[in-house]
Amino acid sequence: MALTYNNMKKQHSVLLCFFFILSHFALEFKPVLAQTTSPAFACDVANNPGVKNFGFCDVSLDVSARVNDLVKRLTLEEKITMLVNTAGSVSRLGIPKYEWWSEALHGISYTGPGVKFNGVVPGATSFPQPILTSASFNETLFETIGKAVSTEARAMYNVGLAGLTYWSPNVNIYRDPRWGRGQETPGEDPTLASKYGVAYVKGLQQRDDGKKDMLKVASCCKHYTAYDVDDWKGIQRYNFNAKVTQQDLDDTFNPPFKSCVVDGNVASVMCSYNQVNGKPTCGDHDLLAGVIRGQWKLNGYIVTDCDSLNEIYWAQHYTKTPEETAALSLNSGLDLNCGSWLGKYTQGAVNQGLVNESVIDRAVSNNFATLMRLGFFDGDPKNHAYGSLGPKDVCSPEHQELAREAARQGIVLLKNSAGSLPLSPKSIKSLAVIGPNANVGYTMIGSYEGTPCKLTTPLQGLNASVATVYHPGCFNASVSCDPALADDAKKIAAAADAVVLVMGSDQSVERESKDRVNITLPGQQSLLITEVASVSKGPVILVIMSGGGMDVQFAVDNPKVTSIVWIGFPGEDGGGALADIIFGYYNPSGRLPMTWYPQSYADKVDMTNMNMRADPKTGFPGRSYRFYKGPTVFNFGDGLSYSNYKHHLVQAPKYVSIPLEEGHACRSTRCKSIDAVNEQSCSNLGYDIHLRVKNVGKMSGSHTVFLFTSPPSVHNAPQKHLLEFQKIHLTPQSEGIVKFKLDVCKHLSVVDEVGNKKVALGLHVLHIGDLRHSLTVRI
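Under an unreviewed UniProt entry, the name given to the protein is Beta-xylosidase/alpha-L-arabinofuranosidase 2, and the organism recorded is Nicotiana tabacum.

Now the structure itself:
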C-alpha cells in the first residue's frame, strides 16, 4: 500500500510533467524576490528566555546528558509524536515541529516533504545518478559531491526550505539487471558500494571545524537489507520474501551497510519493505537490535522505509493487530517511522502491555541525540557553524562545474574502432544527432531528483562545438520508439560527416516500483540504430542513456557502429559532459560498475532467486562478475580510454606465512582456512603492492587501477573479487606509482557457508591492472 509514500509521489507528478516539457531547453534558474522563512530549531533563548534553564538547551553538557534531561520532561503522549517523520511540537518546552524526511541521493531532492523550492532557492545542483558517479571509481569524487550537497542542504535549511536529515545514500547491491532502482546504487560490487557509501556519508556528515561528534547534515544508508525487487511480473517489494543464505547476506548484501556504520559513522540506517527469510526487516530484532545496534554499534537512529509498518500488517499479514505491528517494530530496535503508524498505534500497544515506555524512551533518545549532534537544540543556527550559508551557496559555479566533472569521470567508452572517437570539431562540418534521448534534459536527472540549476541536453552540448542536424528517430521522441522513424533519420545521417545516436531508457522503463522484463533497447531502437548505421559514411557513435545495462550485442558486432558510450543518467550538465568526451576535450576514464548481460539471462533467470552463487545442478548461472558463469555483453570494470596504459609490477609478496600459536588445530590437521576475526596471529599482517603505470598515449588522462583476487576454491568463494582501486592521472608518456596496502585478514578472507570470515589458505591470484601475480598463503 505505502499510502504516504505513494501520495507523495503523486504530488510530484505535476512537477515531473513540467520538467518533461522543459527538458528540451537549457535552463538556468535565477533567484527572484520571494519571502524567506526561518529554519526550525529549538532552544531559542532570544525569543523565549525561559528555555535557558532547561538542561537540554545547555550546550556545555554532553549529548547524552542533554537527551536524558529532555526525555524526562516529556509525557508519553509527547514522546509518541516524536516517533514519526513529521514529528510533533512541544510548545511548553520551545520545541517546534520537525520534518525528518528529506532526500539527497544525487543533490537536494523534492522527493520528500522536508524540501521545498521557491523563488528564494529555485533549484539545486543535480549531480549524476550514483550508478554513473560510481563508474568513476574515485573515492575523492564521491566525498566531494557529498560535501557540495551538504553545503546546499545547510544553505536551504537556513532559509527554511530544507531539513537536516537526509535519507541517502542507497547502498543496495545492484544484484539483477532488471531492477528499476539500480540507477540509485553504486553497482553490483560490495567493495565499491562500501567505499561509495562511506565516502558519500563522510561528505554529507563531516564538519569543517573538527567536531567529530557533531554533524553537518545527517545521512542514512538504505535499504537494509537484501532489497532489490520492486515490481517484477506482479511480484512487489511490499510482500516479497527474500530467501537469502547467511553466506550471501554477510558476503554480498550487508557489507555496504556495515561499512556505512563502522567506517562512515552514518547517523541512520533505513530498514526495507521486504521480508528476509520470512521476517519483515523492520520487525526483525536480530537484524536491527542484534546487528545494526549490537554488532556494528550504530551511533544514530533506525528508520523505516515509508509506510513499511503498513505493509507488515496489510500486505504481509505478519501481525494480527496494528498495535502488535507497532510493538514488534519498536521492540526490534526501530526508532523512527516514516509514516503515521507509530503515531496512531503506539499508545494502544502500551495500554495492552505489548511495549514498555522504556523502549519508547530508547527510540526517542536516539532520534533526539541525532538532532543534538546537528545543532537543532543549540539555538539560532545563524550563530553557529554554517549559519552564514544561504541562497548564494546553492547552484554555485563550483558545484555546477563539479556536476559536469562527475559526469565526465563516470562516462564509459565501451567500443571505439580506429578512426572513430574522438571526433575533431574542426573537421566535422555537419553532425547528425538522432534518437529519443538526444534532446531531453529531464531524463538525464533520473529519479529522486530535485529542480536542477540548469539542463544541458546532449544536442545542446554537441551543438556548442559543431553544426548539428537533429531528428528524434522515434515517434513522439519517446524511448518506447514505436514506431521508429528510420527513413527520415537515414536521410540526415547519410548527409552528415558523423552520426551520434542517443538512445536508451528513461523513468518509464526503469525506476522505483518498475522493474524491467527485457534488458534490450526499448521498442524499435535497435532497428533504428542498424538502419541509420547502414547509410552513414562516417563514424557512428551509439550513446546509451540508462540506469541499467542493455543487451546491445548487435551493435558491438556491427562494424558500422564504430563507438559505444554509456552515460547513465548524467545529471544537469550531461549534454556538456558528453560533448567533452566525444570531441576529445576530456579523456574518458569511466569503468562499468555492473555486468551487462544478454537478454537470454533475463529469459532464463528468475529475478526473485536471491542466490548469488552459481548452481550447476539446477543450471542457475549465478550473479555479478564475482559468481556469474555465462556470456556477457560487457563486464564489470570494462571501459576504454583515448590513451593506452602499461603496467609494471614493482613490488608484491609471493608468500604470506601466518604464524599460529602452539597447539592450534591447524598445526596437526590440514585446514582450508583459518578464522579471520579472532586469530591474533592473523592480525596486523600487512604487505605492500607497488605498481608502475605509464601513459603511453598522446593525451593526458586518468586511469583506474583495480586490485582483484581470485582466491582458492574454498567455501564456495568468489571466482574473482575486487579488493581495492585507485585512480591516477598521468600526462602523455609520464608514469607514476600506485601503492596498495594488502591486509591479510581483510583482503585475503572469504565468507564461509555460515557467515564467518575466514582467511583462505593456498594459492591466491592477484589481478593488478592487466597483470597476474600468484600469492600463496600458508601457515
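Next comes the rest of the account.
1. Considering the state of the cysteines
Note on terminology: disulfide describes a covalent bond linking the sulfur atoms of two cysteines. Tallied over the full model, the rule gives seven disulfides. Two residues, Cys43 and Cys57, share a disulfide whose sulfurs are 2.0 Å apart. What sets the handedness of the Cys43 and Cys57 disulfide is the S-S torsion sign, and at about -85° it is left-handed. Of the two residues, Cys43 sits in the loop between helix H2 (13-22) and helix H3 (63-73) while Cys57 sits in the loop between H2 and H3, which places them 14 residues apart along the sequence.

2. Quick look at the pattern of salt bridges
In the structure shown here, the tally under the stated rule is 32 salt bridges. Where Asp228 meets Arg175, a salt bridge forms, and the shortest distance between an N and an O atom there is 2.7 Å. You can see Asp228 sitting in the loop between strand S3 (221-224) and strand S4 (231-232) and its partner Arg175 sitting in the loop between helix H6 (139-158) and helix H7 (190-205), a full 53 residues away along the chain. A relative accessible area of 1% means that Asp228 is categorised as buried. Judged by relative accessible area, Arg175 falls into the buried class, the value being 1%. A salt bridge links Asp209 to Arg207; the shortest N-O distance between them is 2.5 Å. You can call Asp209 partly exposed: its relative accessible area is 37%.

3. Focus on the sheet that holds strand S16 (residues 563-566)
With mixed pairing, six strands are arranged side by side in an open sheet as S11-S16-S15-S14-S12-S13. In this open sheet, the two strands that pair with only one neighbour each are strand S11 (412-416) and strand S13 (468-471). For this sheet the average axis-to-axis angle between neighbouring strands, irrespective of direction, equals 20°. Pairing of S11 with S16 involves four bridges; the strand directions are antiparallel. Bridged to Val412 within S16 is Trp566.

4. Brief notes about the nonpolar core
Counting residues in hydrophobic clusters, the biggest one holds 164 residues, and the most contacted among them are Trp167, Phe377 and Trp566. Ranked by the residues each element gives to this core, the list is headed by helix H14 (residues 357-373), at eight residues. The residue makeup of this core includes at least three contributed by each of domain 1 (43-100 + 218-374) and domain 2 (409-604). Judged by nonpolar contacts, the second largest core, of 43 residues, contains Ile145, Leu161, Leu192 and Phe706.

About the criteria used
Residues numbered from 1 in each chain as written. Predicted model: local features only at pLDDT ≥ 70, side-chain atom pairs only at ≥ 80, totals over all residues. Heavy atoms only, no water. Disulfide = S-S within 2.5 Å. Helix = DSSP H or I, 4+ residues; strand = E, 2+ residues; numbered from the N terminus. Salt bridge = Lys/Arg side-chain N within 4 Å of Asp/Glu carboxyl O. Buried < 20%, exposed > 50% of the residue type's maximum accessible area, 1.4 Å probe, protein only. Pairing = 2+ DSSP bridges. Axes fitted to C-alpha atoms, helices over the stretch in contact; angles between N-to-C directions. Core = buried A, V, L, I, M, F, W, Y, C linked by side-chain atoms within 4.5 Å. Domains from an automatic or database assignment.

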